[in-house]
Amino acid sequence: MKTRIVTILFLALSTAIIAQLQSEEDHIKTTITKYLEGTSYNQPKTIKKAFYKEASLFLTHKEKKLWIVPIAEYASWFEKKEQGTFNGRVGKILSIDQENDIAMAKAEILAKGKDIRYIDIFLLKKIEGQWKIISKAATRIN
């Protein structure tokens, strides 16, 4: 009888932990999706919602070893384009690795018609109950 009770308690606790982890992963996906959709449809406000306000992006530039761009500047690049209009960027999340209140995610972005592929690596932190991208590094593959 004791074994049965312990087994049931173990299964219930394991299910609760798995549900919590899945929930956190869903929240992380939502944050990354804000970034992907914001950059695909020229929505700077949506892009900014995904990031911590002081986040930096580490990007590829043909003339610089390391190009560091603050999120406000990066989001402003999408203000000049017609907002809400698809611009040819198609992104998908490749992986997520989460521990407690930090996470790392990887995404692929294809620029249709330009034969360009980007790989983005995100660092995320849960801040005041919300997942935010605190840093992003990207590389461009032609």
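Here the structure is a predicted model, which means the values were calculated and not measured.

Would you mind showing me how to read the environment of K132 here?
Relative to the elements of secondary structure, K132 occurs in strand β6 (residues 130-141). For K132, a relative accessible area of 18% corresponds to the buried category. In this structure the C-alpha to C-alpha distance between K132 and Y52, which are 80 residues apart in sequence, comes to 5.4 Å. Setting aside residues no more than four positions away along its own chain, K132 makes contact with T31, K49, A50, F51, Y52, L123, L124, K125 and I127.

Looking at this structure, I do not really get the nonpolar core. What am I missing?
Within soluble globular proteins, side chains that are nonpolar tend to cluster in buried spots. Ranked by internal contacts, the top residues of the largest apolar core, which has 24 residues, are Y35, F51, Y74 and L124. Secondary structure elements with two or more residues in this core: α1 (2-40), α2 (44-50), β1 (51-61), α3 (71-76), β4 (102-111), β5 (116-127) and β6. With near-sequence residues (within four places) excluded, L124 lies in contact with I28, T31, I32, D101, I102, A103, M104, A105, W131, K132, I133 and I134.

Teacher, can you tell me more about the sheet that holds β4 here?
Within a sheet, neighbouring strands are paired by backbone hydrogen bonds and run either parallel or antiparallel to one another. With mixed pairing, 6 strands are arranged side by side in an open sheet as β2-β1-β6-β5-β4-β3. Edge positions in the sheet fall to β2 (64-70) and β3 (89-99), since each has one partner strand and no second. Between one strand and the next, the sheet's axes are offset by a mean angle of 20 degrees, whatever the strand orientation.

Sorry if this is basic, but what is going on with the pairing of β3 here?
It is a general feature of regular strands that their side chains alternate between the two faces of the sheet. Here β3 pairs with β4 via 10 bridges, running antiparallel. Each bridged residue has a counterpart across the sheet, and for K92 the counterpart in β4 is E108. The turn linking β3 back onto β4 is made up of 2 residues, and N100 within it adopts a positive phi angle of 55 degrees.

The rules we used
- Residues numbered from 1 in each chain as written.
- Predicted model: local features only at pLDDT ≥ 70, side-chain atom pairs only at ≥ 80, totals over all residues.
- Heavy atoms only, no water.
- Helix = DSSP H or I, 4+ residues; strand = E, 2+ residues; numbered from the N terminus.
- Buried < 20%, exposed > 50% of the residue type's maximum accessible area, 1.4 Å probe, protein only.
- Contact = heavy atoms within 4.5 Å.
- Core = buried A, V, L, I, M, F, W, Y, C linked by side-chain atoms within 4.5 Å.
- Pairing = 2+ DSSP bridges.
- Axes fitted to C-alpha atoms, helices over the stretch in contact; angles between N-to-C directions.

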